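Inside the fold
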Amino acid sequence: MGSMVPFAKMNGLGNDIVVIDMRGRSDAVTAEAAVALARGDRTGFDQIMAIHDSKTQGVDYRIDILNRDGSRAQACGNGTRCVVQALAAETGRKSFTFKTLAGILTAEEHADGLVSVDMGRPEFAWDKVPLSEEFHDTSRIELQIGPIEAPVLHSPAVMSMGNPHAIFWVSEDVWSYDLERFGPLLENHPIFPERANISIARVTGDASLDLRTWERGAGLTRACGSGACAAAVSAARTGRTGRTVTVTLPGGPLRIEWREDDHVIMTGPAEWEFSGRVDPVTGEWQADEVAA
Ligand SMILES: N[C@@H](CCC[C@H](N)C(=O)O)C(=O)O
């Protein structure tokens, strides 16, 4: 076993997150370690959030995000809330800035324990999503699944929330779609050269949505924070709702506000489960002993 670093198994609305402390090290969590850790019965996760020292002036930490298949992601809303809660417990501080592949994010823990993350600005341009061919209007692109004359899902909104998202708006219960079957086909559709997170969304009120997501590199999850942001932005952009909504995911609700300055603010909970130490090269791990 190589050198071990601390980790915390956490979740954000049931989105399974492993926060790994890589501060003081110059290497990175390997894809092999991620895949090995994902197989563990207690450490099975959707995303790893590896906290690194920041080399950027004015930024507290850099976060490296890995999916359970070992691929890297630019953004993870639920995981960022977990990182904030872990750092707030350690340092006593309430607000933080992070560098991610999606840019610099700010986040804060509130007195009630909920955490808000400024997820940045959505990008609608086809080459920023990215798509493999030009679409002038990304609020509804030509893409469908199922028979041509009676598609099961069609015309998704697409955007980047730092990471690529496709939102299929439906009028029936979001649970009536076999997302486990359609998710992998759509995630890997040639229109998405970097693959995509695939969501099914339904408007349930003036300021409320239901959402299920098949995540790129992770599969079906109980919550996708950046997916909730993308759905809220798409709903407001197309006049389905106003700019502040509650998005109900299988794991529970998130509050999303698309502010007038174009930034998307996500607010929700994070929960610690257990801690341990992990080898970031091999993924071998052990839980901390808990005093009786
Ligand atoms: N769980 C997420 C999104 C994680 C990243 C995604 N699977 C990707 O590869 O883009 C969230 O809460 O935002």
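Residues numbered from 1 in each chain as written. Predicted model: local features only at pLDDT ≥ 70, side-chain atom pairs only at ≥ 80, totals over all residues.

Quick look at the site of the ligand now. In the vicinity of the ligand, 20 residues are found, and the nearest of them are Ala73, Asn78, Asn163, Gly225 and Ser226. Per-element accounting of the shell around the ligand gives the leading share, 3 residues, to helix H2 (residues 77-91). Considered class by class, the residues forming the shell around the ligand number 5 nonpolar, 12 polar and 3 charged. Per-domain counts for the shell around the ligand show at least three residues from each of domain 1 (5-120 + 270-287) and domain 2 (144-262). (Near = placed C-beta within 6 Å. Helix = DSSP H or I, 4+ residues; strand = E, 2+ residues; numbered from the N terminus. Nonpolar A, V, L, I, M, F, W, Y, C, P; charged D, E, K, R; others polar. Domains from an automatic or database assignment.)

A word on the nonpolar core. Counting 82 residues, the largest nonpolar core has Val19, Met49, Ala228, Cys229, Ala231, Ala232 and Val247 as its most contacted members. Among the elements that make up this core, the one with the highest residue count is helix H4 (residues 225-237) (7 residues). Both domains that furnish three or more residues to this core are identified here as domain 1 (5-120 + 270-287) and domain 2 (144-262). Residues in contact with Ala228, not counting those within four places in the same chain, are Gly77, Leu211, Val247, Leu249, Leu254, Ile256 and Met266. (Core = buried A, V, L, I, M, F, W, Y, C linked by C-beta atoms within 7 Å. Buried ≥ 20, exposed ≤ 12 C-beta atoms within 10 Å, placed from the backbone. Contact = placed C-beta atoms within 7 Å.)

Take H2 next. Taking 1.5 Å of rise per residue, 15 residues should cover 21 Å, and H2 covers 21 Å from first to last C-alpha, within 8% of that figure. In terms of burial, H2 is largely enclosed, as 11 of its 15 residues are buried. Along H2, the residues classified as buried are Gly77, Asn78, Gly79, Thr80, Arg81, Cys82, Val83, Val84, Gln85, Ala86 and Leu87. Of the residues flanking the end of H2, it is Gly92, one or two places downstream, whose phi is positive at about 80 degrees. (Expected span 1.5 Å × (residues − 1).)

Cross-referencing UniProt, the feature "active site" (unreviewed entry) maps to Cys76 and Cys224 in the present numbering. Spanning 149 residues, the named residues nonetheless gather at one spot, since no C-alpha pair among them exceeds 7.7 Å. Examined against the element boundaries, Cys76 turns out to sit in the loop between strand S5 (72-73) and H2. The class for Cys76 is buried, based on 32 C-beta atoms found within 10 Å. Not counting chain neighbours up to four residues away, the residues in contact with Cys76 comprise Gln47, Met49, Ile65, Gly225 and Ser226. You can see Cys224 is positioned in the loop between strand S15 (219-221) and H4. Setting aside chain neighbours within four positions, we find Cys224 in contact with Asn15, Asn197, Ser199, Thr213 and Glu215. (UniProt positions renumbered as here; feature names shortened; annotations may be inferred.)

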